[in-house]
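Listed below, chain by chain, are the residues.
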2 protein chains.
Amino acid sequence: MFRSHNCGELTAVNINTEVTLSGWVQKSRDKGFIVWVDLRDRYGITQLVFDEERSSKTLIEQAQNLGREFVIQVKGTVIERASKNPNIPTGDIEILVSKLTVLNASLLPPFTIEDKTDGGEDIRMKYRYLDIRRNPVKDSLIFRSKVSQEVRNYLSNEGFIEVETPYLIKSTPEGARDFVVPSRMNEGQFYALPQSPQTFKQLLMVGGMDKYFQIVKCFRDEDLRADRQPEFTQIDCEMAFVEQEDILNVFEGLTRHLLKEVNGVDIKKFPRLLFDDAMRLYGNDKPDIRFGMEFGELNAVAQHKDFGVFNNAELVVGIAVPGGNSYTRKEIDKLVSWVKRPQVGALGMVYSRCNDDGSYKSSVDKFYDQDDLAKWAEVTGAKPGDLICVLSGDKNKVRAQLSALRMELAERLGLRDPKVFAPLWVIDFPLLELDEETGHYHAMHHPFTSPKPGQLELLDTNPGEVKANAYDLVLNGNEIGGGSIRIHDKETQAIMFKHLGFTEEEAKAQFGFLMDAFQYGAPPHGGLAFGLDRLVAILGGQETIRDFIAFPKNNSGRDVMIDAPAPIDDEQLTELSLKLNLKS
Amino acid sequence: MFRSHNCGELTAVNINTEVTLSGWVQKSRDKGFIVWVDLRDRYGITQLVFDEERSSKTLIEQAQNLGREFVIQVKGTVIERASKNPNIPTGDIEILVSKLTVLNASLLPPFTIEDKTDGGEDIRMKYRYLDIRRNPVKDSLIFRSKVSQEVRNYLSNEGFIEVETPYLIKSTPEGARDFVVPSRMNEGQFYALPQSPQTFKQLLMVGGMDKYFQIVKCFRDEDLRADRQPEFTQIDCEMAFVEQEDILNVFEGLTRHLLKEVNGVDIKKFPRLLFDDAMRLYGNDKPDIRFGMEFGELNAVAQHKDFGVFNNAELVVGIAVPGGNSYTRKEIDKLVSWVKRPQVGALGMVYSRCNDDGSYKSSVDKFYDQDDLAKWAEVTGAKPGDLICVLSGDKNKVRAQLSALRMELAERLGLRDPKVFAPLWVIDFPLLELDEETGHYHAMHHPFTSPKPGQLELLDTNPGEVKANAYDLVLNGNEIGGGSIRIHDKETQAIMFKHLGFTEEEAKAQFGFLMDAFQYGAPPHGGLAFGLDRLVAILGGQETIRDFIAFPKNNSGRDVMIDAPAPIDDEQLTELSLKLNLKS
């Protein structure tokens, strides 16, 4: 038996108990005549004491020779601490050690195992097993486990069945790039790793499984952006005999349950916003509604004067920055530079100060009088003391630019409090999205999403206008879930594939099994998937997902700890009927 | 709203309620003036009725036109059934339908959707989504979900944290063949899919995670035997600061919990059997102890006469077959043929009938007298009416042969009742196993398993004798779990790698990260993994795992439903810096 208790549970009630503890040496303080050692495990820290009066010389020497991160076992007596530490649960006691065994020594760790470490990202990733000893990472992983378990409990109680779908499936050129897996037994053929269990969960609905969920790894071989991982985890769900309303209710319930159980936050009914309104009011299909600063469209009150920049713009749109009139000229100039950065891409920014006396001072006073500016304030909801920021240009671009500005300003104003949670549904997404480069439409959600009733005909005449039975769950400016009511008949699915540029042969080769399945009594069905990594990070009050993943990969898709990927033997390649074909 | 109730919940208390149901047409009976339709969903079957007196002509015609597996929605009133069916929960009522909507038609399914189907294995796999509609498959998947959820609940309550480990890891030539995944971003390099999260869970222990579990997919590219899948699911567990005893207790607790919650069976303390004793008593390291028929070693009482076959054998060993004296000569001859089949491989079988009067009649009466045979009966525990079957030869071979015979006879005698559960631990496995082909030793469990204390030295002199801190959990003749106390220091691990034939460079290249980790304060740790597919099948009282996997692959590793694996585009290959190198 390595321990009678863990390092987080002994308190004053245990005084005089004989205990055995095991753990890591967090740190020690050596005063010569007395040595204190902080012993750490997953559960907490317990102070050990060795002193001249009560400990043997050998034992004190043993304690003095302990290094950071040594793994030790001690036997001793719980005693009251002279100077108590009210900040930790074990702060009232310490262990007077009678026996010390070093279970394993440790080299000096390459960074300190403390909440604020001196280790940079790269070194912490290489020694991830040491990084996990730090509370911020350890607690994030424990938090993730708790969230997953709460998801499972909730959905199981709602009658959902967790079904494991296969990982070795078939590659489809549609969508993102697949990771593929050469088959040794089927020469020249490949499996693909799933980007999501989409078709399988639909087949489970055809199979009568009724309510399905799975917490499942998914894979995308995409060029990685910051905070993207080649493998990621989804809470994947599907229901049969449902309409959009049923799905929204069930998964709003799940999200409410998580916020309550995990964060202790009670949220009533989630607001619902049409996609078109989200774009109009926030320039963004995943608006952060923890704060206002809604867009005011100014075309009607800004295109009647001689200001060509606005007059030639498709959209003139502004936001009121609360208290922004306090910004100095220099600060405003910096804001203008900020929106002109290539990442944002605005050509310039017009502003109007809202003075406390009700007057206005704008950067375009040459063109607009006080009455004009008062209307801008009215439309953007600006109050005295605010600053109105106005961008103009192509509608889609200018909305994206103003959205970026809105988020940046909210961040600076401290309006994005990670302890505040503001979920909402964005509904009625477009079915198709125009790829500006190719001029082709592709599925905004995926090719299995059903159009709104009666809109199928619009596909021929006005494809960009067709709305889908598709919805996203947004939390604090992040899409945490998305889904749709699916197509469940072969004819509609064939029309969709045609409009997405599949030939009949391609559709049959890739999704023939699904179209076949639709002919054997497919029920109406729909579902949704949550991105677990992001969901957990947001619930945990963090911006980045990396600390919520035990062994993440870097931006080149490498695991720097185990040094993967790596070359394989020629023999292995030959067995797989493959040869390298290096470009360099 | 597609339904107010499901098809399994309406009973007499709902009579006169207006309801809406949706589901599949299981079957219909058309008497002309009255039509009954069985409507099925995941939850059950509800009878619908349409008749001349109470239903419109159009409605009756609609009902008459329904085919099997049509998906329909009906509105109607719950009424009392004239002839009740006590076999189903809804058997007291039926629905007098007022409105019928066909939600989706169905082609005639290629096999009947019934408990006993007319479909063969191949067609059922191709149309797996239809097979899943059948109760035996559907119930197996629901059962699996329940078992998984119980595992998670139990381990979470015990303080285990579920941590997701990566799927894209590094290939290691040790052990079974890996599936590999070419990396596009790291030219000429490959990830491997994990055969188990072994090294990661050990690193989590080094990381202080203390108690880890995960229900996780694992992958092995092996030539498939019947009932093996290239992807399979493990309940993977690891604990720090534990000895073998701690692990056995925790996972005995888990298994007991499952047997109780899932099967309603109470099992006290599991027996523990030394590996050596398991081999001696059952010829098998996963003995089925639902019945006796333990081996009796007969060397001392069978090698003193002039019977060369026995005298030249390393081992003479027998079992008593209960009631076996009733076998005819012909039946016994068949048994002899059975043990001589190449799959078993015995050269012959000696037997001795135990007559009711206490006398014996053996196939070797020429050599052995009644006193000899009485001793055989004593050693094998044979009683009057039994049959003693004796095999002889090389110890390891003859044990395996007699074990096969024991299992076959028990099967015939009905002693392998799937509703009876007899778990046990087999402990003290050998550390190494001799590969008869190569003459090399390899790790019996895996290279991270620790030898028993003080046995490290034996590695040089007598490697086959070294025992490991390794244990298997056996249930009804199947290994359902196995694990070990791990090596946790770099030196011992290096010695192990050396004995397994790794050069220092190979060990460093493949497992350097683990050896490094052991230098930074690795705690003593150990763990175990259950094979979930098999565990669920056995708890479910089945022999084969296939119905407990939603979308299994066939013996060539193919998913015949989606037709995977499949060729991929040349473009995709080029992107991955690969070329095909076909042998044929």
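Residues numbered from 1 in each chain as written. Chains lettered and ligands numbered in written order. Predicted model: local features only at pLDDT ≥ 70, side-chain atom pairs only at ≥ 80, totals over all residues. Heavy atoms only, no water.

J.: Just checking my understanding: could you explain the state of the cysteines for this structure?
T.: As used here, a disulfide is simply a covalent bond connecting the sulfur atoms of two cysteines. One pass over the structure, following the stated rule, counts zero disulfides over all chains. A:C354 supplies the cysteine sulfur nearest to A:C389, a cysteine that is in no disulfide, at a spacing of 9.8 Å. (Disulfide = S-S within 2.5 Å.)

J.: I'm lost on the side chain of A:T233 in this one. Help?
T.: Examined against the element boundaries, A:T233 turns out to sit in strand β10 (residues 231-240). Polar side-chain contacts of A:T233 include one of 2.5 Å to the side chain of B:E164. (Helix = DSSP H or I, 4+ residues; strand = E, 2+ residues; numbered from the N terminus. Polar contact = N/O pair within 3.5 Å; in protein donor to acceptor, adjacent residues only side chain to side chain.)

J.: How should the sheet that holds strand β15 (residues 360-362) of chain A be read in this particular structure?
T.: Hydrogen bonds between backbone groups are what pair the strands of a sheet, and the pairing can be parallel or antiparallel. All names here are of chain A. If you walk across this open sheet you meet the five strands as β12-β13-β16-β14-β15, and the pairing is antiparallel. Of all strands in the sheet, those with a lone pairing partner are β12 (296-297) and β15, marking the two edges. Packing against the sheet, helix α10 (residues 329-340) makes contact with β14 (350-354) and β16 (387-393), and its axis sits at approximately 150° to β14. (Pairing = 2+ DSSP bridges. Contact = heavy atoms within 4.5 Å. Axes fitted to C-alpha atoms, helices over the stretch in contact; angles between N-to-C directions.)

J.: What is the right way to look at the relation of the copies chain B and chain A in this model?
T.: Here two copies of a chain appear, and what relates them is a rotation about an axis with a shift along it. Laying chain B over chain A is done by rotating through 180° and shifting 0.0 Å along the axis; what remains is an RMSD of 0.1 Å. The superposition operator between the copies reduces to a two-fold rotation axis. A high fraction, 100%, of the interface residues of chain B reappear at the interface in chain A, so the copies pair face to face through one surface. (Least-squares fit on C-alpha atoms with pLDDT ≥ 70 in both.)

J.: Can you walk me through the UniProt feature "binding site: ATP" (unreviewed entry) in chain A in this structure?
T.: Residues and elements named next belong to chain A. The UniProt feature table records "binding site: ATP" (unreviewed entry) at R220, D221, E222, Q229, E479, G531, L532, D533 and R534. Position of D533 relative to the elements: it lies in helix α16 (residues 532-539). Judged by its relative accessible area of 7%, D533 falls in the buried class. Looking at D533, its side chain comes within polar contact range of the main-chain nitrogen of T233, at 3.0 Å. Tracing the backbone through its elements, the reader meets R534 in helix α16. Apart from the residues within four sequence positions on either side, R534 is in contact with D227, N478, I480, E543 and I545. (UniProt positions renumbered as here; feature names shortened; annotations may be inferred. Buried < 20%, exposed > 50% of the residue type's maximum accessible area, 1.4 Å probe, protein only.)

J.: Explain empty space enclosed by the protein to me, please; I cannot follow it from the model alone.
T.: A water-sized probe, rolled over the atoms, reveals where empty space remains. For the structure shown, the criterion picks out nine cavities of 30 Å³ or more. Its volume calculated, the largest cavity comes out at about 350 Å³. Lining the largest cavity are 25 residues, with A:R152, A:E162, A:I215, B:R152 and B:I215 positioned closest to its centre. Listed by contribution, the elements that provide at least two residues to the lining of the largest cavity are α4 (135-157) and β9 (211-219) of chain A together with α4 (135-157) and β9 (211-219) of chain B. Of the residues assigned to the lining of the largest cavity, the class counts are seven nonpolar, eight polar and 10 charged. Roughly 140 Å³ of volume is contained in the second largest cavity. Lining the second largest cavity are 18 residues, with A:E164, B:K217, B:I549, B:A550 and B:F551 sitting closest to its centre. At the level of secondary structure, the elements contributing two or more residues to the lining of the second largest cavity comprise α4 and β10 (231-240) of chain B. Ranked by the residues each element gives to the lining of the second largest cavity, the list is headed by β10(B), at three residues. (1 Å grid on protein atoms, 1.4 Å probe; cavity = no way out; pocket = protein on both sides within 12 Å on 5 of 7 lines; lining within 4 Å. Points joined across faces, edges and corners; volume = space filled by probe spheres on them. Nonpolar A, V, L, I, M, F, W, Y, C, P; charged D, E, K, R; others polar.)

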